[in-house]
Amino acid sequence: MLIHPWDAPSDDTEWQQWLAAHDFGQLAGNGLPGDPPWVQPVHFAYDADRREVVTHLARPNPLWRALEADRSVLLSVVDDYTFIPGPWQAAVDVPPEHGVPTSFYAAVQLRCTAHLVDGPEEKAELLERQMAHFQPAGGSAPVTADGPPYGRMLSGIRGLRLEVTEVRAKFKYAGNKSREVQERIARRLAERDGPGDAAARAHQLRRMPADRD
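Please read these numbers as outputs of a predicted model, since none were measured by experiment.

**Comments concerning the sheet that holds strand β6 (residues 102-117)**
Ordered in space as β2-β1-β5-β6-β7-β4-β3, the seven strands form an open sheet in which the pairing is antiparallel. The two strands at the open ends of the sheet, each matched to only one other strand, are β2 (38-43) and β3 (45-47). Pairs of neighbouring strands in the sheet enclose a mean axial angle of 35 degrees, with direction left out of account. One ladder, built from six bridges, connects strand β1 (residues 24-29) with β2; its direction is antiparallel. Along β2, the bridge assignment pairs Leu27 with Gln40. Across the sheet, helix α6 (residues 197-207) touches β5 (72-84), β6 and β7 (157-172), and the angle it forms with β5 is around 95 degrees.

Here is the structure:
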């Protein structure tokens, strides 16, 4: 993923806060020799303090064979995206029809080492961490290795801890454009108000320098 300086996060807090609220992505692993790479859509919980991701998959998932052969994986998350028409992007001194269309989006890619979790106690603890993230209000029985209703189901899944070794993050929201052009884009996004426009506009306004000309 190409990251221009104006698209880079201001600090780790920016991408970590975004990732905490965007917990569904694509987990990609290298295929076995002769196979294509495997890509698995997955909900996950990111733990910034431990620098790891926790998730689980059904035991029959073919991704496990790939992970057993090669523990290097990439978790990719993309959201808050929208299309920006060319005229919106045109510099103030050129005809609108000369503007170049583009995409706005936020993306975080976590390069990880996968650790497979098969022990019942360890799987129960991993699931409890996920439940705390996704269902903090509770309402479900505790996950234990031998208690109902989940204990008997644990054999049907395998847990996965992803040790984060590298992070690449990008917030592509016209950071290289003049303030006048950025304000025009923000106005047009508000007027169009299509899917993704409000979230993209919020990122653009949040990242817009106060005195960019």
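**Digging into the packing of aromatic side chains**
Enumeration over the complete set of coordinates arrives at three aromatic pairs. Residues Trp18 and Phe171 carry aromatic rings whose centres are separated by 6.3 Å and whose planes lie at 85 degrees to one another, so their mutual orientation is edge-to-face. Here Trp18, found in helix α1 (residues 12-20), pairs with Phe171, found in strand β7; they are 153 residues apart in sequence, far enough to count as distant. Ring centres 5.4 Å apart and planes at 75 degrees place the aromatic pair Phe104 and Tyr173 in the edge-to-face group. Separated by 69 residues along the polypeptide, Phe104 in strand β6 and Tyr173 in the loop between β7 and α5 (179-192) bring together distant segments of the chain. We classify Phe104 as buried; its relative accessible area is 1%. Look at Tyr173 and you get buried, because its relative accessible area is 2%. Across from the ring centre of Trp64, 4.8 Å away, lies the NZ or CZ of Arg158, which sits over that ring. Directly above the aromatic system of Phe171 lies the positively charged group of Arg206, at a separation of 5.6 Å from the ring centroid.

**Here we look at unusual backbone geometry**
The peptide bond linking Pro148 to Pro149 adopts the cis configuration, its omega dihedral lying at 0 degrees. Mapped onto the secondary structure, Pro149 falls in the loop between α4 (120-134) and β7. One non-glycine residue, Arg51, adopts positive backbone phi at about 50 degrees. By the element assignment, Arg51 lies in the loop between β3 and β4 (52-58). Judged by relative accessible area, which is 36%, Arg51 ranks as partly exposed. Positive phi is not limited to glycine here, since Asp80 has a value of about 50 degrees. Structurally, Asp80 is set in strand β5.

What counts and what doesn't
- Residues numbered from 1 in each chain as written.
- Predicted model: local features only at pLDDT ≥ 70, side-chain atom pairs only at ≥ 80, totals over all residues.
- Heavy atoms only, no water.
- Pairing = 2+ DSSP bridges.
- Helix = DSSP H or I, 4+ residues; strand = E, 2+ residues; numbered from the N terminus.
- Axes fitted to C-alpha atoms, helices over the stretch in contact; angles between N-to-C directions.
- Contact = heavy atoms within 4.5 Å.
- Phe/Tyr/Trp six-rings, centres within 6.5 Å; stacked < 30°, edge-to-face > 60°.
- Buried < 20%, exposed > 50% of the residue type's maximum accessible area, 1.4 Å probe, protein only.
- Lys NZ or Arg CZ within 6 Å of the ring centre and 35° of its normal.

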